[in-house]
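Examining the three-dimensional arrangement
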Amino acid sequence: MKQILEILESNARLGVEQISTMTNMPATEVEKTIRQAEKSRTILRYKTVINWSKLGEERVQALVEVKVTPQRDVGFDAIAERIYRFPQVHSAYLVSGTYDLAILVVGRTMQEIAAFVAEKLAPLETVQGTVTHFLLKRYKEDGEIFEGGEEIKRLPVTP
Amino acid sequence: MSATHSSHIKAAARLISQRVNNISPSGIRKFFDLLSSIEGVISLGVGEPDFVTPWRIREAAIYSLEKGYTMYTSNYGLPELRRELAKYLESHYGLDYDPDTQLLITAGVSEAFDLALRAIVNQGDEVIMPDPCYVAYLPCTLLAGGVPILVPTSEANNFEIKASDIESRITERTKAILIGYPANPTGAVMPGEELNRISEIARRYNLLVISDEIYGRLVYSIEHTCFASLPNAKEHTILLGGFSKAYAMTGWRVGYAAAEPEIIEAMLKVHQYTMLCAPIMGQIAAIEALKAGEADVIRMVKEYDRRRRVIVKGLNDIGLACFEPKGAFYAFPSIKATGITSEEFAEKLLMEEKVAVVPGSVFGRCGEGYVRCCYATSLADIEEALRRMGRFVERHR
Ligand SMILES: Cc1ncc(COP(=O)(O)O)c(C=O)c1O
C-alpha cells in the first residue's frame, strides 16, 4: 500500500500495469489497493502542479494569519470550518505561535483578495485580527522548484 | 596535412612507452565520439546516477569553501572523514578498521585500485579477474606491470565468478584476485557462500583479494555481503569503496581503501607522490554524506529499484532476454536474438533509433552478445528507449 501511494504521489499518471511492474505486485492487487485508498479517502484527489505564469496568467495568492478566540467545546475547529468552506481558501492550517490559523487565499486580483479578507474573514465574530501577506514569487511548491530547476549535465556515455 | 606535420606526429608516437602502447583505447571512448555528433539521443550509456548530489552534502561543501577550506589535507585524508568512515564500516558490516593506520582516502575508487595494484604487483605477477568486468581493471593491471588473468563468467551462472574457476587459474605468479560485486557492467551480485570459498582460496594460496564494492549500497531485495566481513577475510582483503554511486557524487572524486596497515602504508607511498591527497572539497562533502546521507541513499535505491523492474521487464518483453540484475544500476540483456555483434547492435541502434547503449564487448570477450543499459535514467526516458529498442529488434530479428 505504502509503496503504491509513494509512487502515485510522485507521479499520478502512472498506470496500474506500470505500478505493478515497479512494485512486483500483481496488477489486480495494485488496482484493488488503489480503489480502496480512493474509497477510504486516503487518496483524496489526483492533481497536477502547474506553473501558470508560463501562460502569462498570474494568480494572486496571499497567506493570511488569522488570530481567533477559541470557543467552548469546539475549540478552533468550528471557526476553522467557517473559514475553510469559502472556495477562495485554498489551504487552511491550525498553527502554533503568535496566531492561530494560517490560510492560503487565491484570487484573480489583489482587490479581490482584499475584499474577501475585509468583508468575509475579518468580520467573523471570533476573528480577533488578520495579517495578509501577498505572495510575490513562487520558488518551490509541493516539492517542485519552479525556475532554474536542475537539469542533468551528465556526459552521455561514461564507463 | 603537411609532410613535416605528419612525420612529426610519427616521431611523437615513437616516444610513447611500450607499456602505454600495449593498452588498447577504450571502446567507450570511441562510442562517445560517435554519439556526440547526433541530436535527440536517449542515453542508457551512462555509468553514473541521474541524481544531483543531495543538497545537504553540496551545502556542506559550499560552507567549507566560504570558511576557506581550500588546502591540502593529510596524505591519508581528513582525520574526521577517516573516523566517520570507520564508524560507518563498523555499523554497516561489523568491521573494525583503525582510522589512523587502516584507512586511506583516495581520489575515487579509480585511484584506489590503481594504488592497490601498484602497491602489490611485481613485474609479471598475475591478477585474476572476471570477464566481463569494469573497463579499468585490465589496463590498470597492465600499467602496474601485472598480467591480467581473465575468468570467463556467463549468463547461465548469473555472471557470478566461481571459486573453482579462480582456483584452476592460480599459478606461482598469482598475486591477487580483483573482483567487483555488485558488478559493472552486468549488475550481478555474489552469493555469500561463493565469496567465502574465494576467501578460503585466497588464504590457502596466500593471495590478496581486491574487492571493489563501489556499488555495495545499490542492491535490491537482498543484503550486500562485504568481502572483508567474511570470517577471517579481513587480513587478505583490500576493501575499496566510494561515494560516487551511492551518494551521487561522481564528480567529487573521493573514495577509500581499507586494509592491513602494511598494505595501506604501501598504497600511501604511491598516493603521496602521485595524488598527494584527495580533493578537500570532496572529502568534506563525504563527511556530510556519512553523517547524514543515509536517508538520501535509501531514497535513491528505492527509485533505482522501481526503474530496474521496469527496464528488465521491458527488455524481456521486446525479446531481449535479460537476467535479473540484483545490484548496481545496469541491465545486461542478451542481444543474440538479433544475430549481430554487440558493437554493431549499439552502433545501429544509435543511428536508427537514437538510443545509446554500451556494447558488452567493451568489458571483455564474455560481454560479447550483450549490451549494457543503465537505468539511472528517468522513467519516461527508459520507457521511450524501450519503445525505440522494441522497434529496432522487430526489424533486426
Ligand atoms: C566497478 C567500478 N569501480 C570503480 C568505478 C570508479 O569509481 P570512482 O568514481 O570512485 O572512481 C566505477 C565507475 O563507473 C565502477 O563502475
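Note that the structure is a prediction, hence the values are computed from the model and not measured.

1. So, the pairing of strand E12 (residues 371–374) of chain B
Residues and elements named next belong to chain B. Covered by surrounding structure in E12 are Val371 and Cys373 together with Arg372 and Cys374, the residues of both alternating faces. Two strands pair when backbone bridges link them, and strand E11 (residues 358–359) and E12 are joined in this way by 2 bridges, in the antiparallel orientation. Bridging across to E12, Val358 finds its partner in Arg372.

2. A look at the site of the ligand
With respect to spatial proximity, 14 residues lie near the ligand, and among them Ser110(B), Asp212(B), Ser244(B), Lys245(B) and Arg253(B) are the closest. Mapping the residues adjacent to the ligand onto the chains of the assembly identifies chains A and B. Taking Tyr215(B), its side chain carries an N or O atom lying 2.8 Å from an oxygen atom of the ligand. Protein chains bury 95% of the 400 Å² of accessible surface belonging to the ligand in isolation. Among the elements that make up the shell around the ligand, the one with the highest residue count is helix H6 (residues 108–120) of chain B (4 residues). The residue makeup of the shell around the ligand, split by class, is 7 nonpolar, 4 polar and 3 charged.

3. Remarks on the packing of aromatic side chains
Residue and element names in this part refer to chain B. For the structure on display, the rule yields 16 aromatic pairs over all chains. Ring geometry for Tyr215 versus Tyr330: centroids 5.8 Å apart, planes at 80 degrees, classification edge-to-face. Separated by 115 residues along the polypeptide, Tyr215 in the loop between strand E6 (208–212) and strand E7 (237–242) and Tyr330 in strand E9 (residues 330–331) bring together distant segments of the chain. Pair check on accessibility: Tyr215 and Tyr330 agree, each one buried. Aromatic side chains Phe329 and Tyr330 sit 5.2 Å apart centroid to centroid with 75 degrees between the ring planes, which places their arrangement in the edge-to-face category.

4. A closer look at the interface of chain B and chain A
Counting residues at the interface gives 28 residues for chain B and 17 residues for chain A. For the chain B and chain A pair, buried surface summed over both sides reaches about 2000 Å², with 56% attributable to carbon and sulfur atoms. Three residues, Phe32(B), Arg306(B) and Arg309(B), lead the burial of chain B against chain A; their summed loss comes to 30% of the area buried on that side. Where chain B touches chain A, the interface holds 2 salt bridges. A salt bridge links Lys302(B) to Glu6(A), with the nearest nitrogen and oxygen atoms 3.0 Å apart. Counting every contact that joins chain B to chain A gives 12 residue pairs in polar contact (both at pLDDT 80 or more). Those elements giving two or more residues to the side of chain B that touches chain A turn out to be helix H3 (27–35), helix H12 (294–317) and helix H14 (379–396) of chain B. No other element matches H12(B), which puts 5 residues into the side of chain B that touches chain A. Class assignment for the residues of the side of chain B that touches chain A results in 14 nonpolar, 5 polar and 9 charged.

5. A closer look at the domain arrangement of chain B
Residue and element names in this part refer to chain B. Domain boundaries assigned for chain B yield domain 1 (24–52 + 296–396) and domain 2 (55–292). The straight-line distance from the C-alpha centre of domain 1 to that of domain 2 is 26 Å. At the junction of the two partners, domain 1 supplies 33 residues and domain 2 supplies 33 residues. Of the roughly 2700 Å² buried between domain 1 and domain 2, counting both surfaces, carbon and sulfur atoms make up 63%. Considering only the surface of domain 1 that becomes buried against domain 2, Phe323, Lys326 and Phe363 emerge as the three largest contributors, covering 23% of it. For the pair domain 1 and domain 2, the number of links is 0 salt bridges. On the surface where domain 1 and domain 2 come into contact, there are 13 residue pairs in polar contact (both at pLDDT 80 or more). No other element matches H12, which puts 8 residues into the side of domain 1 that touches domain 2.

6. Notes on the domain arrangement of chain A
Segmentation of chain A into domains returns domain 1 (2–39) and domain 2 (58–137). Placing the centre of domain 1 of chain A and that of domain 2 of chain A at their C-alpha centroids yields a distance of 36 Å.

7. A closer look at unusual backbone geometry
Trans peptide bonds make up most of the peptide bonds, and negative phi angles are found at most residues other than glycine. Residue Tyr181(B) is joined to Pro182(B) through a cis peptide bond whose omega torsion reads -5 degrees. Here Pro182(B) shows up in the loop between strand E5 (174–179) and helix H9 (192–205). Positive phi, close to 60 degrees, is recorded for Arg41(A), a residue that is not glycine. Positive phi is not limited to glycine here, since Asn158(B) has a value of about 55 degrees. Among the secondary structure elements, Asn158(B) is positioned in the loop between strand E4 (147–152) and helix H8 (163–167).

8. Some thoughts on the sheet that holds E11(B)
Picture the strands of a sheet paired through backbone hydrogen bonds; they go either parallel or antiparallel. Residues and elements named next belong to chain B. Strand order in the open sheet formed by 3 strands is E9-E12-E11, and the pairing between neighbours is antiparallel. Of all strands in the sheet, those bounded by a partner on one side alone are E9 and E11. As paired elements, E9 and E12 share 2 bridges and run antiparallel to each other. Bridging from a neighbouring strand, Ala331 pairs with Cys373 of E12.

9. Details of helix H13 (residues 342–353) of chain B
Count 3.6 residues to each turn of an α-helix, and residues three or four apart come out pointing the same way. All names here are of chain B. Its 12 residues give H13 an end-to-end C-alpha distance of 16 Å, which sits within 8% of 16 Å, the value for a rise of 1.5 Å per residue. The complete set of buried residues in H13 reads Ser342, Phe345, Ala346, Leu349, Leu350 and Glu353. End-on view of H13: buried residues confined to an arc of 125 degrees, all on one side of the axis. Along its buried surface, H13 packs onto H3, strand E10 (355–356), E11, E12 and H14. Taken from the residues just after H13, Lys354 is the one with a positive phi, measuring 55 degrees.

About the criteria used
Residues numbered from 1 in each chain as written. Chains lettered and ligands numbered in written order. Predicted model: local features only at pLDDT ≥ 70, side-chain atom pairs only at ≥ 80, totals over all residues. Heavy atoms only, no water. Buried < 20%, exposed > 50% of the residue type's maximum accessible area, 1.4 Å probe, protein only. Helix = DSSP H or I, 4+ residues; strand = E, 2+ residues; numbered from the N terminus. Pairing = 2+ DSSP bridges. Near = heavy atom within 4 Å. Polar contact = N/O pair within 3.5 Å; in protein donor to acceptor, adjacent residues only side chain to side chain. Areas by Shrake-Rupley, 256 points an atom, 1.4 Å probe, with all protein chains shown as cover. Nonpolar A, V, L, I, M, F, W, Y, C, P; charged D, E, K, R; others polar. Phe/Tyr/Trp six-rings, centres within 6.5 Å; stacked < 30°, edge-to-face > 60°. Contact = heavy atoms within 4.5 Å. Buried area = accessible area lost by both parts, 1.4 Å probe. Salt bridge = Lys/Arg side-chain N within 4 Å of Asp/Glu carboxyl O. Domains from an automatic or database assignment. Expected span 1.5 Å × (residues − 1). Arc of directions from axis to C-beta.

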